[in-house]
Amino acid sequence: MKNIQYWGLCLFIAIGLASCENEEDDYLVDNYKDVGGYAKITDRSLSRFDTNEDLNIDFITAEGVTAESVEIIQDGEVIGTATVSGESASFNSSILGDFMFPDDDGVDEEEGEYDIRIRTTYSNGNFSEDPFTISVSKAVSLGNAGDEYSNPTETTIDSLSSVELAYEINTLSAPIDDVILMFKKNEDGTYTGSGADLSAEGGYIELSDTDYEDLNLMVNDTLYYQITATSGSMTDVVESMIAITPKAFSTSNSVTLTDDPLLNQLNLSTGEISAEGNEEGEIRFLEPTGFEVINDADISFVQVDDDFFDDADVLTAQAAFEEGDPMTSVTNLENGDTFVYKTTREVEDEDENMETFNFYGVFRIGNVTSVDGEVISYEIEYAEGY
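The present account deals with the structure reproduced in this document.

Attention now moves to the packing of aromatic side chains. A complete count under the given rule lists 15 aromatic pairs for this structure. Ring centres of F291 and F301 lie 4.9 Å apart, and the angle between their planes is 65°; on these two criteria the pair is classed as edge-to-face. A residue pair is termed long-range when its members are at least 10 positions apart, and F291 in strand β21 (residues 290-293) and F301 in strand β22 (residues 299-304) qualify at ten residues. The pair formed by F291 and F301 is uniform in burial state, with each residue classed as buried. Their ring planes at 85° and their centres at 5.6 Å tell us that F291 and F339 sit as a pair that is edge-to-face. Linking F291 in strand β21 with F339 in strand β24 (residues 338-348), this pair joins segments that are 48 residues apart in sequence. Since its relative accessible area comes to 0%, F339 is described here as buried. Members of the aromatic cluster, joined through ring pairs, are F291, F301, F339, Y341 and F363. Against the face of Y224 rests K184, its NZ or CZ located 5.1 Å from the ring centre.

On to the sheet that holds β21, then. Spatial ordering of the open sheet is given by β19-β18-β20-β21-β23, a layout of five strands whose pairing is antiparallel. At either margin of the open sheet sits one strand with a lone partner, and together these are β19 (272-274) and β23 (329-330). In this sheet, β19 lies alongside strand β18 (residues 265-267) in antiparallel orientation, the contact comprising three bridges. Note on β19: the bridge partner recorded for L266 is I273.

What counts, and where the lines are drawn
- Residues numbered from 1 in each chain as written.
- Predicted model: local features only at pLDDT ≥ 70, side-chain atom pairs only at ≥ 80, totals over all residues.
- Heavy atoms only, no water.
- Phe/Tyr/Trp six-rings, centres within 6.5 Å; stacked < 30°, edge-to-face > 60°.
- Helix = DSSP H or I, 4+ residues; strand = E, 2+ residues; numbered from the N terminus.
- Buried < 20%, exposed > 50% of the residue type's maximum accessible area, 1.4 Å probe, protein only.
- Lys NZ or Arg CZ within 6 Å of the ring centre and 35° of its normal.
- Pairing = 2+ DSSP bridges.

Rendered as structure tokens:
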């Protein structure tokens, strides 16, 4: 049997729960030919909770050869033995160490690897010393690797309630007693309970199903969240955050409106300047010094402070509009006059269906030009979104 050729042996080993597809298995095949057998550890991925779990070893041996004893070697020293039972064996993960992986500064990195060798003595008097790496990872992690979903790191305040937080629980066999989600507002806040009920098997939790509103979050705040899993006296914690960002406008433009009948109408949606009578116009130049809504356009304006424009976003424009008194015509325009506005527009969704949304915008007057005391043109800088 020791003289079986390499590829024939690969076929044999494939049937025996092994393969010849990587360097580790290539090593084992070569070793097998010389010795008459090899050991292959089947449990190579542990969590920080798997400190007292039985790890299994399979033996692939030549005809008439059996495994008689197994030693586990780490850093050149025997740290324990495995219990042999026929064509398999097992040893307890507790012999590996404390599952701590300090960096150069002595800080535990929480994840790491153990390089071990399995020394097996066979009935033919030979022995193999097969190398393996056992990885240790966190028991709880964020996101869902199964569908490549990563938790968002930023959102807008109006979308926060619909944010989903995914988490995974991975252990070899260690039981999970509890999984807790906690929140805090901004870095200097204090973590408090979320009121959420999390599954010990992992999954998703939508923020609308939690008590996040108790934090009174606002734009430019940051929601920190922490998920803690426990198993007996052991805990594993993962933390991340979601920045609450302004809701940016989706379009912006700068145009000039004039008293010229050929250039006196504006469609804010398209930015198109057109002539008097164009049915697509939404506002037009209003003599002597203003503008007005036309063609039954569903749009109205609220004047705000001149310094509002530069820091505005969709949500602040909406809030300012809702606090004001809407109007459909404006006169006596001056440089710097600023307005917020509301309109409705149709937007095509992913399925090519049209949906109607409320759009909010900000609108600033500049470069007002007068001749003989009468305004003949002005620039409009504006942006809108939903």
